[in-house]
Amino acid sequence: MPELELALRDLGTSLDWPAEPDLEQRVLRRAREAPARRRLVPRRMLVIALAVLAVGVGAAFAVPQTRAAILEFFHLRGVTIERVDELPTVPVQSGLGTFLGDPVTLGQARERAGFDVVVPEALGTPDEVYFQDSPPAGGMVSFVYGTSDDPHALFTQFAGRVDEVIFKKIASDTKIEPVTVDGQPGYWLEGAHFFSYLDRQGDVQSEQVRLAGNVLLWERGTRTLRLEADISRAEALRIAASVG
Amino acid sequence: MEGRPLQESELVERAKQGDEAAYGDLVQAYQGIAFRTAYLIAGSAADAEDAAQEGFVKAWSALHRFRTGAPFRPWILQIVANEARNRRRAAGRRAHLTLRTVAATPSGEAAPSPEATAIDTEQREQLLAAVNELREEDRLVIACRYFLELSEEETAAALGWRRGTVKSRLSRALGRLREQMGEEAYA
């Protein structure tokens, strides 16, 4: 080993670190309380939005019949957000993992995804990574921060294409604002929401996302990115700007 | 009753089944390295302690997702480091940690000659001052690899970088450190 590295290692042995805390009892006490403290219902359910993942625009329109009037459209690559006056209800799910796909490592997600996987530097390394095979083509990679039972942020990416569309339905009172991230278009949506998607067999599944968060959807090159967390628009834009 | 110490993988398996004592042993084994890693990132001992505690609690509830046979240390370091970053962000500060050397002579060792100690100490202080002057990214990767002696994989997990990034940033950081120390010092 070169001299500098040896000197650094030697220096490491003489550093004045703060005293190491004894965490065992405190951790175990908290661990015993943890299951009871887990929230079963999201904090905010005032606004419900629905996202539908569908192959082809025609299929998307055939998906759950809300019979609700479409009031407005917002378009991004691979995503169409429509404002409707009524949304369907779906059962409450216990975790995120079921619809995010297979739990994988970041390295495996990079190998399997049909696009370059990006990471929001501001959020650091994800605590859990999931990969779902197509649809959409190229798959979808999701990062969970926290745990899937108690997530505090969800970051999803896929290669958005014009012929494959995720439909997101939002209620008439959902706040939606156009934003720009790194010169590319996006939308900021405020409110908790429902999520529905097309599974590997092509069946429509609906689940309630447990995050009581707001959503930022934006384009980056050929990718469409989505960040969901209980954070402000400014904070979401700051995290979006850190994607590299 | 005396038995051989349990292997890490056995402790993890038992903890996964809900064995609190086994998880307690894991906490004991890794709280030191977890706390120091969090301290480097968060920049304060109070935040580091909080991050380490919260990380171990979160890891306990996420244990069922931990892959059997995988090393536990990078996993827990990743969770704790993430907590540390969250706290630093919440506090709205950049990590501006200044490391210090221990002033006292190490106990239990034969005291070296006063001259030797003085030279050693001076060299260490100079090197540490140069490390402290590096930009955060450089300081973090050097501290993880040499002061905490984390592996490349563990450093990548703790800092949220790819392994390749750890390699390239480390070599760049060492280059900058050499420049700061003067070319002749550590050629």
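Check the entry above for the structure.
Residues numbered from 1 in each chain as written. Chains lettered and ligands numbered in written order. Predicted model: local features only at pLDDT ≥ 70, side-chain atom pairs only at ≥ 80, totals over all residues.

J.: Got a minute to help me understand the overall build of chain A in this structure?
T.: Of regular secondary structure, chain A possesses 6 helices and 14 strands. The 244 residues of chain A split such that 42% are buried. A fraction of 64% describes how many contacts in chain A between residues 6 or more apart in sequence connect residues 24 or more apart. (Helix = DSSP H or I, 4+ residues; strand = E, 2+ residues; numbered from the N terminus. Buried ≥ 20, exposed ≤ 12 C-beta atoms within 10 Å, placed from the backbone. Contact = placed C-beta atoms within 7 Å.)

J.: It is not clear to me how the packing of helix H6 (residues 136–147) of chain B against helix H8 (residues 163–181) of chain B should be interpreted in this structure. Could you clarify?
T.: Packed helix pairs are specified by the crossing angle of their axes together with the interaxial distance, meaning the distance between the axes. Residue and element names in this part refer to chain B. The N-to-C vectors of H6 and H8 enclose an angle of 105°; their axes lie 9 Å apart at closest approach. Of the possible angle classes, the one that applies to H6 and H8 is roughly perpendicular. Every residue of H8 that contacts H6 at Glu-137, Asp-138, Val-141, Ile-142 and Arg-145 is listed here: Val-166, Arg-169, Leu-170, Ala-173, Arg-176 and Leu-177. (Axes fitted to C-alpha atoms, helices over the stretch in contact; angles between N-to-C directions. Parallel < 35°, antiparallel > 145°, perpendicular 65-115°, else oblique.)

J.: What exactly am I supposed to notice about the nonpolar core here?
T.: Buried together is how nonpolar side chains tend to be arranged in soluble globular proteins. By size, the foremost hydrophobic cluster in this structure holds 57 residues, and its most contacted members are B:Ala34, B:Ala38, B:Ala52 and B:Val80. Per-element tally for this core: the top contributor is helix H2 (residues 20–42) of chain B, with 12 residues. When residues of this core are assigned to domains, at least three fall in each of domain 1 (8–90) and domain 2 (114–181) of chain B. In contact with B:Val80, other than residues within four places in its own chain, are B:Ala34, B:Thr37, B:Ala38, B:Ala51, B:Ala52 and B:Gly55. If you look at the next biggest cluster of nonpolar residues, it comprises 31 residues, including A:Leu123, A:Val141, A:Val181 and A:Ala236. (Core = buried A, V, L, I, M, F, W, Y, C linked by C-beta atoms within 7 Å. Domains from an automatic or database assignment.)

J.: Explanation requested: the packing of helix H7 (residues 152–159) of chain B against H8(B) in the structure shown.
T.: Residue and element names in this part refer to chain B. One way to put it is that H7 packs onto H8 with a least axis distance of 8 Å and a crossing angle of 100°. Relative to H8, H7 is oriented roughly perpendicular. Contact residues: H7 offers Glu-152, Glu-153, Thr-155 and Ala-156, while H8 offers Arg-163, Val-166 and Lys-167. A per-class count over the contact of H7 with H8 returns 2 nonpolar, 1 polar and 4 charged. (Nonpolar A, V, L, I, M, F, W, Y, C, P; charged D, E, K, R; others polar.)

J.: Quick question: what am I supposed to make of the sheet that holds strand E9 (residues 175–181) of chain A here?
T.: Note: strands within a sheet are paired through backbone hydrogen bonds, in either parallel or antiparallel orientation. Residue and element names in this part refer to chain A. Across the sheet, which stays open at both edges, the 8 strands sit in the order E4-E5-E6-E7-E14-E13-E10-E9 with antiparallel pairing between neighbours. In this open sheet, the two strands that pair with only one neighbour each are strand E4 (102–104) and E9. Neighbouring strand axes in the sheet, compared pairwise and without regard to direction, differ in orientation by 20° on average. By the bridge criterion, 7 bridges tie E9 to strand E10 (residues 184–190) in an arrangement that is antiparallel. Bridged to Lys-175 within E10 is Glu-190. (Pairing = 2+ DSSP bridges.)

J.: Whenever I open this one, helix H1 (residues 3–12) of chain A confuses me. Can you help?
T.: For an α-helix the count is 3.6 residues per turn, leaving residues at separations of three or four pointing the same way. Residues A:Ala7, A:Leu8 and A:Leu11 constitute the buried set of H1(A). For H1(A), the arc enclosing every buried residue in end-on projection is 100°, short of the 170-degree limit, so these residues lie on one face. (Arc of directions from axis to C-beta.)

J.: Would you mind going over the interface of chain A and chain B with me for this structure?
T.: In many reports, interface size means the accessible area that the parts give up when they come together. Every contact between the two is made by 31 residues of chain A and, on the other side, 42 residues of chain B. Contributions of two or more residues to the side of chain A that touches chain B are made by H1 and helix H2 (24–37) of chain A. It is H1(A) that provides the largest number of residues to the side of chain A that touches chain B, a total of 8 residues. For the side of chain A that touches chain B, the class distribution of residues is 14 nonpolar, 5 polar and 12 charged.

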